[in-house]
Amino acid sequence: MSASESTTAKAIAITQGDCAGIGPEIIAKAFKAAPQAMRGCFVVGELQTLRRATALAARDAQGEPGLAQPVAVIDAPADVWSIPEGTIPLLNLPGLAGPQPYGQISAEAGQAAAQCVVWAAQAALRGDIAALVTAPLHKEALHLAGVTFPGHTELLQAEAAAHASVGLEQMPVRMMLANDELRTVLVSIHVSLRDAINAVTQPQVLQTLRITHQALSKSLGRAPRIAVAGLNPHAGEGGIFGREEIEIIVPAIEQAQAEGMDVAGPFAPDTVFMRARSTAAKTGEFDVVLAMYHDQGLIPVKYLGVEKGVNVTLGLPLVRTSPDHGTAFDIAGQGVADEASLLEAVHMARSLGR
C-alpha cells in the first residue's frame, strides 16, 4: 500500500478471542506467515497475552524457542500504518485480565474476550475501522463472566441495535459460513434443535432470504442465486414426511420471487449442498444455500475443510468475519494451531470492507 493510500484506508481490527484458547496463537502466526496480507490489521487485546502468543508462534518444529515477533502498542486504529511490517500492532485495552491458563474455562478470559469484541464493534459502528475479525471465544466462559449473549453474533447484534437506538427485532442478523466452494446461510443460529424447528416460520424464512439477497447482491455485484433447503428428509416428499415445506417454506419462497429475488426450492437437504458446490471442474448451480438450522448448514461447509471456512455475520451495519473453528482448548498452548482460517477471514473482511 502506498503512503497516499494509507492515509485514507481504514484498518481492520482483530479481537484476541479467549486467551486460554488458540485465538492469540493463530493471530501471531498469521502476522508471521503472511505479513503483507496482514498489513493494515491490528489486534485488540492485552499485551502479555499477545506476547505469550508470539513466543509460542516462534517455536520451531521441535518445540525449541525462537525469536518472537515484536509487538507495538498503538493509541488509535490509524496508527497501524506507521508500524513497520513484521511488527504486530496492538491496541492494548485497559483493565483486561492477562494471560489465563491454557485450556481452562474462566470468567476472566470470557470477560476479556467480550470487552475486545465490544470495543471493536463500537469502533466499526463509528466508522473508525473498515471491519472486524473475531478470534474464537468460549461460550461457557462468556456465561461465567456474566455476558448474557451466547456468542459473537448475538453480542454484535445487541451493540448494533443499541448504536441505532432500535430493538433487537429491528436489527435482524444471520450467520453465513463460506469458503471458496460453498456458502450457507442459517435461518436460526445458536438454539436447541427443538427451538430451531419452531423457528422455521414463513416470516423467519422470508426475512433470511431478504438479508441474504441484500448482502450477497452487494458483494457479488449481482443478484445471488439462492437455493433453499427443506426442513424434512426429501424436503417433505410432498407432505409425507412433514408439511413445513408446503405450508411455510414454499410460501416464503414465492413471496421472495415476487419481490424479484432469484430463489429456488425447497430442495432435499441431502443433495442441495452438492448442487451448490463450486469446484475447479464445475461451477455450482447456486451461489448460496439457505439452511433451516445450524448443523444442517454448517456440517457441509466444515466437511470441506475447517481451515478454509469463514463465518460472516449478515444484516449488521458493519463487516464482521471470523475463522470457522472454536477455541480448541485441547491443543491450546501446544503451538500446533493452524492460522489458515484466520487468514481467510481477514481476506474476506478486506474484500467486504471496501
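Reading guide: rules and limits
Counting restarts for each chain, with residues numbered from 1 along the sequence as it is written. Given that this is a predicted model, residues contribute local features only at a pLDDT of at least 70 and side-chain atom pairs are listed and counted only at 80 or more, while totals for whole chains, interfaces and linings are drawn from all residues. Computation of side-chain values: all heavy atoms of the structure, hydrogens and water removed. For the purposes of this entry, the term helix denotes a DSSP run of H or I that reaches at least four residues, the term strand denotes a run of E that reaches at least two, and both are numbered from the N terminus. Using a 1.4 Å probe on the protein chains alone, a residue whose accessible area is under 20% of its type maximum counts as buried, one over 50% counts as exposed, and one in between counts as partly exposed. Residue-level confidence of the predictor, termed pLDDT, takes values from 0 up to 100. Note on definitions: a residue-residue contact is assigned when non-hydrogen atoms from the two residues lie within 4.5 Å. Side-chain atoms within 4.5 Å are what join buried Ala, Val, Leu, Ile, Met, Phe, Trp, Tyr and Cys residues into a set we call a nonpolar core. The split into domains, and so the bounds of each, comes from an automatic or database assignment of domains. We treat two strands as partners when DSSP finds at least two bridges between them. Only C-alpha atoms enter the line fits that serve as axes; for helices the fit covers just the stretch in contact. Angles between N-to-C directions range over 0 to 180 degrees.

Asks: Report on unusual backbone geometry, specifying residues and quantitative values.
Replies: With omega at 0°, the peptide bond leading from Gly265 into Pro266 counts as cis. Positive phi outside glycine occurs at Ser165, with the angle close to 60°. Within the secondary structure layout, Ser165 lies in the loop between helix H6 (152-164) and strand E6 (174-178). The exposure class of Ser165 is exposed, given its relative accessible area of 67%. You will see that His234, though not glycine, has its phi angle at about 60°, which is positive.

Asks: Give a detailed account of the confidence of the model for the protein, specifying residues and quantitative values.
Replies: Averaged over all residues, the pLDDT of the protein is 93; the fraction at 70 or higher stands at 97%. Per-residue pLDDT stays below 50 along residues 1-5; that stretch engages in three contacts with residues further than four places along the chain or on separate chains.

Asks: Explain the nonpolar core to me, and be specific about the residues and the numbers.
Replies: Ile14, Leu209, Leu290 and Met292 are the most contacted members of the largest nonpolar core, which totals 54 residues. Two domains share this core, each providing at least three of its residues, namely domain 1 (12-171 + 316-353) and domain 2 (174-303). Ranked by size, the runner-up nonpolar core spans 35 residues in total, among them Trp81, Leu93, Ala121 and Ala124.

Asks: An account of the pairing of strand E7 (residues 183-186) is requested, with residue identities and associated values reported.
Replies: Taken together, the three bridges between E6 and E7 define a ladder with antiparallel strand orientation. Of the residues in E7, the one forming a bridge with Leu177 is Thr184. The hairpin turn running from E6 into E7, its antiparallel successor, is four residues long. Summarising the sheet, E7 and strand E10 (residues 288-291) pair through three bridges and their orientation is parallel.

Asks: Hey, could you go over the sheet that holds E6 for me, with residue numbers and the actual values?
Replies: With mixed pairing, the twelve strands of this open sheet are ordered in space as E3-E4-E2-E1-E5-E12-E11-E6-E7-E10-E8-E9. A strand with exactly one partner marks an edge of an open sheet, and here the two such strands are strand E3 (71-73) and strand E9 (262-267). Mean inter-strand twist for the sheet, computed between neighbouring axes without regard to direction, equals 30°. Across four bridges, the pairing between strand E1 (residues 12-15) and strand E5 (residues 131-134) is parallel. Looking across to E5, one finds that Ile12 is bridged to Ala131. Helix H3 (residues 47-57) rests against strand E2 (41-45), E3 and strand E4 (88-92) of the sheet, and its axis sits at about 155° to E4.

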